[in-house]
Amino acid sequence: MSDPRPHLGEPLALDLLNTRWSEHGPHDLLTDVAGLRIWLTSAGLGDRAVADAATLTALLVARAAIYDVVVHTRHSGLNTVLEHGRIRRELTESGPADHPDVPERSWLPAWLAADDLLRLMVAAPDRIRQCAHPECTLFFYDTSKNGTRRWHSMATCGNRTKAARHYARKV
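Residues numbered from 1 in each chain as written. Predicted model: local features only at pLDDT ≥ 70, side-chain atom pairs only at ≥ 80, totals over all residues. Heavy atoms only, no water.

## A word on the nonpolar core
Of all hydrophobic cores here, the largest spans 43 residues; its most connected members are Leu-16, Trp-39, Ile-66 and Leu-78. Those elements that provide at least two residues to this core are α1 (12–17), α2 (33–42), α3 (53–72), α4 (76–82), α5 (108–123) and β6 (139–141). Among the elements that line this core, the one with the most residues is α5, at 8 residues. Beyond its immediate sequence surroundings of up to four residues, Trp-39 is in contact with Arg-5, Leu-12, Asp-15, Leu-16, Thr-19, Leu-29, Leu-30, Leu-45, Leu-59 and Pro-109. (Core = buried A, V, L, I, M, F, W, Y, C linked by side-chain atoms within 4.5 Å. Buried < 20%, exposed > 50% of the residue type's maximum accessible area, 1.4 Å probe, protein only. Helix = DSSP H or I, 4+ residues; strand = E, 2+ residues; numbered from the N terminus. Contact = heavy atoms within 4.5 Å.)

Now the structure itself:
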């Protein structure tokens, strides 16, 4: 089955947040192992993770923790997820390399998403955003040149907002 979500391609942490969306009602891709399997494949983790109940539980913990950091700036939940792994550094023939070291395989996708959020926060925390459309629950990482992107997609939420403003001026 293909990924049914309306917005794909965000960094891993935000892609995990976008497993919940509102399009003609609320949706949640991570309600069962089948949805987990879809997300793991879509996120490029299908060959590194096992789609089972333990992985699903860990990912739901990570999703809540990432949401708390992005929306409420609460950090304790994310630190709990990060305690499940670490970065192992080594010098290889091709130079320095970083490798995730997550002893419990079920925590690997959750830990990678939490680690990805840290990477985004180091690079540009002000570019982690929620779509400005009042009915949209999706998140994005603003890669625009001037950093003023407001919607996860101009084609959907941006156009809806502009159309509503235009209609309001005409009435």
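## Brief notes about the pairing of strand β3 (residues 86–92)
Of the strand pairs in this sheet, β3 and strand β4 (residues 95–101) are connected by 7 bridges, and their pairing is antiparallel. Opposite Glu-90, over in β4, you have Ala-97 as the bridge partner. From the end of β3 to the start of β4, which pair antiparallel, there are 2 residues. (Pairing = 2+ DSSP bridges.)

## A few points about the pattern of salt bridges
This structure, assessed with the given rule, holds 10 salt bridges. Where Arg-74 meets Asp-68, a salt bridge forms, and the shortest distance between an N and an O atom there is 3.1 Å. Given the relative accessible area of 45%, Arg-74 is considered partly exposed. Bridged by salt links that share partners, the residues Asp-3, Arg-5 and Asp-15 form one connected network. (Salt bridge = Lys/Arg side-chain N within 4 Å of Asp/Glu carboxyl O.)

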